[in-house]
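Given next are the chains, with one letter for each unit.
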Amino acid sequence: MTQRGSSFPGPLSTVLPWPFSFQPRDFSLPNSSWGSDMRRLYEHYNSQCEVETDDGEKKSFSRRLVFTRNIREQGAAFEYVVFVNKQEQKCVCVFQAGHLLEGPPGHVHGGAISTMIDTVMGTHATYLSGPVMTANLNINYRSPIPLGSTVLLTCSLDKKEGRKTFVSCQVTNTYSSKLHTEATGLFLSITMGHLLGG
């Protein structure tokens, strides 16, 4: 079944290499705070994920991006899951903003929106280019996002030049019919030497 405005052809995956020796708790699993739109879109994109079995056959499988968060209360802040489309070099994030992200009364704070944009575009750039750091974000806010609503962040690769990965992102309602925010970003590939100041 295809959701109007949310078709995402090609195989999806939500697993990226975790660079540490431990596996953190997966907060991208559905929980009781998720609204009906969040659950519907999670199921829609999750049903398009592929995994290769031991015998080389490709089948649909539930796979989620593993990430951490610092607020333990479910639904209070950032509830999201990212799906990566390998063939299209695109990704989509289903995001629901909790009450702690309020800026203008009844709406999501612009800083929380930019945090999600940076997170999703950085995740996509990392998937495409390996470890990266954000060098530049250019964000245009078009329409406020009601607090507690679910939105889609759709990212695509614009181009790669050496260490530079250019990504664009649109934040829309769940049917992609209303644009809330759009952004472009530049991400630079890094090594441990870059992180250690070498």
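Structure shown above.
Worth saying up front: this structure is predicted, and the values here are computed from it rather than measured.

Within the protein chain, the regular secondary structure consists of three helices and nine strands. Across the protein chain, helices and strands are ordered from the amino to the carboxyl terminus as β-α-β-β-β-β-α-β-β-β-β-α. Within the protein chain, contacts between residues at least 6 apart in sequence are counted, and of these 66% link residues at least 24 apart. For the protein chain, the accessible area works out to roughly 10,300 Å², and carbon and sulfur atoms hold 52% of it.

With that settled, the discussion passes to the environment of Tyr-127. Relative to the helices and strands, Tyr-127 is located in helix H2 (residues 110-129). For Tyr-127 and Cys-91, which are 36 residues apart along the polypeptide, the C-alpha to C-alpha distance reads 9.7 Å.

Bringing the nonpolar core into the picture now. By size, the foremost hydrophobic cluster in this structure holds 27 residues, and its most contacted members are Cys-93, Phe-95, Ile-117, Val-120, Met-121 and Leu-153. Mapped by element, the contributors of at least two residues to this core are strand E4 (78-85), strand E5 (90-97), H2, strand E7 (150-161), strand E8 (164-172) and strand E9 (179-189). Counting residues per element, this core draws most heavily on H2, which supplies seven residues. When residues no more than four places from it in sequence are discounted, the contact partners of Met-121 are Leu-137, Cys-155, Val-167, Ser-168, Cys-169, Ala-183, Thr-184, Gly-185 and Phe-187. Membership of the second largest hydrophobic core comes to eleven residues, among which are Tyr-42, Tyr-45, Cys-49 and Val-92.

Before going further, it helps to examine the pairing of E7. Bridging between E5 and E7 involves seven bridges; their strand directions are antiparallel. Paired with Lys-90 across the strands is Ser-156, a residue of E7. Pairing geometry for E7 and E8, over nine bridges, is antiparallel. The residue bridging Lys-159 from the neighbouring strand is Phe-166, located in E8.

Another aspect to go through is the packing of aromatic side chains. Counted according to the given criterion, the structure contains four aromatic pairs. Their ring planes at 70° and their centres at 5.4 Å tell us that Trp-34 and Tyr-42 sit as a pair that is edge-to-face. Accessibility assignment for this pair places Trp-34 and Tyr-42 in one class, buried. Their ring planes at 55° and their centres at 6.2 Å tell us that Tyr-42 and Phe-83 sit as a pair that is tilted.

Counted by the stated rule, this structure contains three salt bridges. Between Arg-142 and Glu-182 there is a salt bridge, and its shortest N-O distance comes to 2.5 Å. Linking Arg-142 in the loop between strand E6 (132-141) and E7 with Glu-182 in strand E9, this pair joins segments that are 40 residues apart in sequence. Note that Glu-161 is salt-bridged to Lys-159, the shortest N-O span being 3.2 Å.

Scoring rules and cut-offs
- Residues numbered from 1 in each chain as written.
- Predicted model: local features only at pLDDT ≥ 70, side-chain atom pairs only at ≥ 80, totals over all residues.
- Heavy atoms only, no water.
- Helix = DSSP H or I, 4+ residues; strand = E, 2+ residues; numbered from the N terminus.
- Contact = heavy atoms within 4.5 Å.
- Areas by Shrake-Rupley, 256 points an atom, 1.4 Å probe, with all protein chains shown as cover.
- Core = buried A, V, L, I, M, F, W, Y, C linked by side-chain atoms within 4.5 Å.
- Buried < 20%, exposed > 50% of the residue type's maximum accessible area, 1.4 Å probe, protein only.
- Pairing = 2+ DSSP bridges.
- Phe/Tyr/Trp six-rings, centres within 6.5 Å; stacked < 30°, edge-to-face > 60°.
- Salt bridge = Lys/Arg side-chain N within 4 Å of Asp/Glu carboxyl O.

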